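Below are the chains, spelled out letter by letter.
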Amino acid sequence: MTRNIADIRRDYEGGRLEESMVPAEPMVLFDEWLTLALDAEGQDGNVMTLATVDSQGLPHARIVLLKGSDERGLVFYTNYHSHKGSELANVPHAALVFWWPSLGRQVRVEGRVELVGEEESDAYFNSRPRASQLGAWVATQSVVIPDRHWIEERQHRFEQAYEGQDIPRPVHWGGYRVVPDMIEFWQGQPSRLHDRIRYEHREGSWRSFRLAP
């Protein structure tokens with residue numbers, strides 16, 4: 001590497017995030033920020049990092065896509081037999097991080113994880129492009145495979161098997177909902193004096209407070 005990454009710096013310029021500006025419920029603010037992010041970041045606006053913990057307490061993180069959010073929580077879809085699925089089966093808690101560089105904003109979410117209902121998973125699966133529906137059958141996610149040709153042959157077999165008919169949702173594929181008990185909003189500010197407002201859910205209600213940068 002010829003460039004010294006220690007010298008890379010960015011000075012953030014963003015609107016202020018004041019206690020008087022934030023609503024009582026964090027998902028109201030999240031929806032506002034997400035709407036702006038989808039406009040600013042385009043197809044990357046719903047990208048998030050998902051962190052889980054395995055049975056030995058070791059953390060693992062990867063990028064997934066947010067596919068739904070409301071007062072119940074934040075939803076993503078995946079193979080239940082994947083590494084993250086196995087980890088969530090053992091430790092049903094997760095952390096999410098959204099990073100929207102054009103806005104200089106970050107949102108952190110922590111909470112328990114539950115399976116999305118079958119009807120909701122079916123509805124989302126049926127809304128996917130046919131190629132993506134087939135992909136849910138083809139991809140034995142996280143399993144060691146010999147080469148790319150193995151996947152291509154498997155894809156061809158499923159294309160033939162479902163030719164001319166609807167593709168059902170695999171029983172091993174569906175949604176997870178992260179039910180937040182903590183949501184933190186971070187707005188970048190000059191001189192690294194960033195605004196941080198954290199919400200915590202305790203005894204049935206949300207409380208918010210400011211954190212030092």
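Definitions and limits used
- Residues numbered from 1 in each chain as written.
- Predicted model: local features only at pLDDT ≥ 70, side-chain atom pairs only at ≥ 80, totals over all residues.
- Heavy atoms only, no water.
- Salt bridge = Lys/Arg side-chain N within 4 Å of Asp/Glu carboxyl O.
- Buried < 20%, exposed > 50% of the residue type's maximum accessible area, 1.4 Å probe, protein only.
- Helix = DSSP H or I, 4+ residues; strand = E, 2+ residues; numbered from the N terminus.
- Pairing = 2+ DSSP bridges.
- Core = buried A, V, L, I, M, F, W, Y, C linked by side-chain atoms within 4.5 Å.
- Contact = heavy atoms within 4.5 Å.
- UniProt positions renumbered as here; feature names shortened; annotations may be inferred.
- 1 Å grid on protein atoms, 1.4 Å probe; cavity = no way out; pocket = protein on both sides within 12 Å on 5 of 7 lines; lining within 4 Å.
- Points joined across faces, edges and corners; volume = space filled by probe spheres on them.
- Nonpolar A, V, L, I, M, F, W, Y, C, P; charged D, E, K, R; others polar.

**A closer look at the pattern of salt bridges**
Here is step 1 of the chain: By the definition in use, this model includes 20 salt bridges.
Here is step 2 of the chain: We note a salt bridge from E200 to R198, for which the minimum N-O separation is 3.7 Å. Taken individually, E200 and R198 each receive the classification buried, so the pair is uniform in this respect.
Here is step 3 of the chain: Residues participating in the shared-partner salt-bridge network are R108, E110, E184, R196, R198, E200, R202 and R207.

**A word on the pairing of strand β4 (residues 73-79)**
Here is step 1 of the chain: Counting buried residues along β4, seven of its seven residues qualify, which places the element largely inside the surrounding structure.
Here is step 2 of the chain: In the sheet, strand β3 (residues 68-70) pairs with β4 via three bridges, with the strands oriented antiparallel. Paired with S69 across the strands is L74, a residue of β4.
Here is step 3 of the chain: Where β3 folds back on β4, the antiparallel hairpin that results is connected by two residues.

**Observations regarding the nonpolar core**
Here is step 1 of the chain: In this structure, F30, F98, V107 and F185 are the most contacted members of the largest nonpolar core, which totals 29 residues.
Here is step 2 of the chain: For this core, the secondary structure elements donating two or more residues are α1 (26-41), β1 (47-53), β4, β5 (93-100), β6 (105-115), β7 (173-187) and β8 (195-202).
Here is step 3 of the chain: When residues in this core are grouped by element, the largest group, six residues, is from α1.
Here is step 4 of the chain: What F98 contacts, discounting residues up to four positions off in sequence, is F30, V47, M48, L66, L74, R105, Q106, V107 and V109.
Here is step 5 of the chain: Counting 14 residues, the second-largest nonpolar core is a separate cluster that includes Y77, I151, Y162 and I167.

**Quick word on the UniProt feature "binding site: substrate" (unreviewed entry) in the protein chain**
Here is step 1 of the chain: Per the UniProt record, "binding site: substrate" (unreviewed entry) is found at R9, R10, D11, Y12, K67, Y124, R128, S132, R192, L193 and H194. A stretch of 186 residues holds the annotated residues, and the largest C-alpha distance among them is 43.2 Å, long enough that they do not meet in one place. Set against the largest pocket, the annotated residues that line it come down to K67, Y124, R128 and S132.
Here is step 2 of the chain: Relative to the elements of secondary structure, R9 occurs in the segment before α1.

**Quick look at the layout of surface pockets**
The gaps left among the atoms become clear once a water-sized probe is rolled over them.
Here is step 1 of the chain: Counted as a void, the largest pocket has a volume near 300 Å³.
Here is step 2 of the chain: Around the largest pocket, the lining comprises 15 residues; the ones closest to its centre are Y77, T78, R128, Q141 and W173.
Here is step 3 of the chain: Mapped by element, the contributors of at least two residues to the lining of the largest pocket are β2 (59-65), β4 and α4 (130-138).
Here is step 4 of the chain: Split by residue class, the lining of the largest pocket holds seven nonpolar, five polar and three charged.
Here is step 5 of the chain: Looking at the second largest pocket, its volume works out to about 160 Å³.
Here is step 6 of the chain: Surrounding the second largest pocket, E25, P26, M27, V28, E71, R72, V179, P180, H201 and W206 form its lining.
Here is step 7 of the chain: Of all the secondary structure elements, the ones that give two or more residues to the lining of the second largest pocket are α1 and β7.
Here is step 8 of the chain: Per-element accounting of the lining of the second largest pocket gives the leading share, three residues, to α1.
Here is step 9 of the chain: Looking at side-chain class alone, the lining of the second largest pocket contains six nonpolar, one polar and three charged residues.

**A few points about the pairing of β5**
Consecutive side chains of a regular strand alternate in pointing toward one face of the sheet and then the other.
Here is step 1 of the chain: Along β5, the buried face is formed by A94, L96, F98 and W100; none of H93, A95, V97 and W99, which line the opposite face, is buried.
Here is step 2 of the chain: Both β5 and β6 contribute to a ladder of eight bridges, which runs antiparallel. By the bridge assignment for β6, H93 is matched with R112.
Here is step 3 of the chain: Hairpin remark: β5 followed by β6, antiparallel, with four residues in the connecting loop; positive phi at G104, about 65°.

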